[in-house]
Amino acid sequence: GGCECACAESGPESGRRWWWWRRRRCWRRRRRRHAARAPMSAVWQDYINSQLVATNNIDQALMCGKQDAAVWGCTPEFLPRIYEGMVTQDDGTEANTTINEAVILTKIAQTLRKPPEGLRVNGVKYMVVRTYPNGSADDGLATIYFKKPQGGGCLCVTNLSVIVATFDESKGQNASQCNFAVEALGRYLYSSGY
């Protein structure tokens, strides 16, 4: 099909060179315009499989959209969930509340602060250990390290996505290797505009 961008109506309209220029320009515009709508696809799943899980330093991983937490790729059954859970209120009491992990991930991605429900992924609550608003290497890649007994993980916020990965100490995995793998993928996507 043809291009629906404004580049289709502008510029010289003859010759092979114009066709190449229009196609190139259109591709760049489309990439910028449609990058935010990255659906779950084999490409994103390949990043999860080859860059995270294949290192054997990651137990579970998830890549989702920064604005809506739509899943782009994940390990089996490692997804944002909706469920009822106990949340500590401002006065110290606990109340049963509906927990929507997709909303939690988007709040964390936008504010880099733990919401009242806490950092929760796949039905598990984690304790935030450290937050780096400018990245652990001061490179602009917002990073959060989190922990639970016998495990933990790393969360990186890129331009358009959130990457979350966990490690399991019973499988011989540790925090530093998990953090390194997640941040390496995050830096690559961040520098590529994703």
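Scroll up for the structure.
Treat the numbers as computed from the prediction; the structure is a model and nothing was measured. (Residues numbered from 1 in each chain as written. Predicted model: local features only at pLDDT ≥ 70, side-chain atom pairs only at ≥ 80, totals over all residues. Heavy atoms only, no water.)

**Q** If you had to explain the overall build of the chain to someone new, which residues and values would you point to?
**A** Of the regular secondary structure elements, the chain holds 4 helices and 9 strands. Mapped from its N terminus to its C terminus, the chain presents α and β elements in the order α-α-β-β-β-β-α-β-β-β-β-β-α. Within the chain, the fraction of its 194 residues that count as buried is 40%. Split by element, the accessible area of the chain, about 10900 Å² in all, is 50% carbon and sulfur. (Helix = DSSP H or I, 4+ residues; strand = E, 2+ residues; numbered from the N terminus. Buried < 20%, exposed > 50% of the residue type's maximum accessible area, 1.4 Å probe, protein only. Areas by Shrake-Rupley, 256 points an atom, 1.4 Å probe, with all protein chains shown as cover.)

**Q** Which residues make up the packing of aromatic side chains, and what values go with them?
**A** According to the stated counting rule, one finds 6 aromatic pairs in the structure shown. Where W44 meets Y194, the ring centres are 5.3 Å apart and the plane angle is 75 degrees; that geometry is what we call edge-to-face. Taken together, the positions of W44 in helix α2 (residues 42-52) and Y194 in the segment after α4 (175-191) put the pair 150 residues apart, joining distant regions of the chain. The same class applies to W44 and to Y194, which are both buried. (Phe/Tyr/Trp six-rings, centres within 6.5 Å; stacked < 30°, edge-to-face > 60°.)

**Q** Tell me what's going on with the pairing of strand β3 (residues 82-88), and back it up with residues and numbers.
**A** Where β3 and strand β4 (residues 94-100) come together, 7 bridges link them in antiparallel fashion. Residue pairing for β4: I82 is matched across the bridge by N100. What sits between β3 and β4 in their antiparallel hairpin is a turn of 5 residues, with G92 showing a positive phi close to 95 degrees. (Pairing = 2+ DSSP bridges.)

**Q** Any details on α4? Residues and values, ideally.
**A** Between its first and last C-alpha atoms α4 spans 24 Å; for 17 residues at 1.5 Å apiece the expected length is 24 Å, and the two agree. Of all the positions in α4, only C178, N179, A181, V182, E183, L185, G186 and L189 are classed as buried. Contacts made by the buried residues of α4 are with α2, β1 (60-65), β7 (142-148), β8 (151-157) and β9 (161-168). Immediately beyond the C-terminal end of α4, within one or two residues, lies G193, with a positive phi of roughly 95 degrees. (Expected span 1.5 Å × (residues − 1). Contact = heavy atoms within 4.5 Å.)

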